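Listed here are the chains, written in short residue letters.
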Amino acid sequence: MSSNNRVTIQATGESFEVAPREFILDAAIKQQASIPYSCRNGTCRTCISTVVEGKVEQHDIEDCLISPSELAAGQRLICLSTASGDVIIEPLRKLPKKQPVQA
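Everything quoted here is computed from the prediction, not taken from an experiment.

**Here's the deal with the nonpolar core**
With 24 residues, the main nonpolar core has Val7, Phe16, Ile24, Ile35, Leu77 and Ile78 as its most contacted residues. Elements with a minimum of two residues in this core: strand 1 (5–9), strand 2 (15–18), helix 1 (24–30), strand 3 (48–53) and strand 7 (87–91). At four residues, the largest contribution of residues to this core is made by helix 1. Beyond its immediate sequence surroundings of up to four residues, Ile78 is in contact with Phe23, Ile24, Leu25, Ile35, Cys47, Ser49 and Ile89.

Here's what the structure looks like:
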């Protein structure tokens, strides 16, 4: 029986649980974590993140837009990645700050 892993976003300190074999981005969306994303299929590169600590497996490498040098530098497209244990990530793109609503 496998237990869930914890993913922490380094800059914000936010953390959320991800089930074994669940894509990190899917878990983040379900738990309303602040991670930038768009296409959810490895082509827009919006969710590219650096793995600061722990192990993240990149899936569908042949179908997504991540280079061997990015993989070697610890970067992953988290829309198609799973966590192997607890991890700390840092998205390369930041979410835009919410603008105050003008009346």
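**Some points on the sheet that holds strand 3**
The strand order across the open sheet built from five strands is 2-1-7-3-5, with neighbouring strands paired in mixed fashion. Here the strands that pair on one side only, and so sit at the sheet edges, are strand 2 and strand 5 (75–77). Here the average twist between neighbouring strands, direction ignored, is 40°. Pairing of strand 1 with strand 7, which is carried by three bridges, proceeds in the parallel orientation. Its bridge partner lying in strand 7, Ile9 is registered against Ile89.

**Looking at the pattern of salt bridges**
Evaluated as defined, the whole model comprises six salt bridges. The shortest N-O distance in the salt bridge between Glu17 and Arg6 comes to 3.4 Å. Here the residue Glu17 occupies a position in strand 2, and Arg6 occupies one in strand 1, the gap between them amounting to eleven residues. Residue classification places Glu17 among the partly exposed positions, given a relative accessible area of 37%. Owing to a relative accessible area of 32%, Arg6 belongs among the partly exposed residues under this scheme. For Arg45, the salt bridge identified is with Glu70, shortest N-O distance 2.5 Å. Note that Arg45 is positioned in the loop between helix 1 and strand 3 and Glu70 in helix 2 (residues 68–72), a separation of 25 residues in sequence.

**A short note on the pairing of strand 1**
The side chains of a regular strand alternate between the sheet's two faces. Residues of strand 1 alternate between two faces, with Asn5, Val7 and Ile9 buried on one and Arg6 and Thr8 left unburied on the opposite face. Relative to strand 2, strand 1 runs antiparallel, the two sharing four bridges. Paired with Arg6 across the two strands is Glu17, which belongs to strand 2. Connecting strand 1 to the next strand, strand 2, in antiparallel fashion are five residues, including Gly13 with a positive phi near 80°.

**Quick look at the side chain of Thr46**
Here Thr46 is to be found in the loop between helix 1 and strand 3. Sequence-distant contacts of Thr46, defined by excluding residues within four places in its chain, comprise Pro36, Tyr37, Ser38 and Arg93.

Criteria and cut-off values
Counting of residues starts from 1 at the beginning of each chain's written sequence and follows it residue by residue. Given that the model is predicted, a residue must reach a pLDDT of at least 70 before its local features are reported, and side-chain atom pairs must reach 80 or more before they are shown or counted; all residues, however, enter totals for whole chains, interfaces and linings. Heavy atoms from the whole structure form the basis of all side-chain values; hydrogens and water molecules are not counted. To form a nonpolar core, buried Ala, Val, Leu, Ile, Met, Phe, Trp, Tyr and Cys residues must be joined to one another through side-chain atoms within 4.5 Å. Here the term buried applies to any residue with accessible area under 20% of the maximum for its type, exposed to any over 50%, and partly exposed to those in between, with areas from a 1.4 Å probe on protein chains only. Runs of E in the DSSP output that reach at least two residues are strands. Runs of H or I that reach at least four are helices, and both are numbered from the N terminus. Throughout, a contact is declared for two residues whenever any of their heavy atoms are within 4.5 Å. Pairing between strands is defined by DSSP: at least two bridges between them are needed. Convention adopted: a line fitted to C-alpha atoms gives each axis, helices being fitted over their contacting stretch, and angles between N-to-C directions are expressed from 0 to 180 degrees. In the sections that follow, a salt bridge refers to a side-chain nitrogen of Lys or Arg positioned within 4 Å of a carboxyl oxygen of Asp or Glu.

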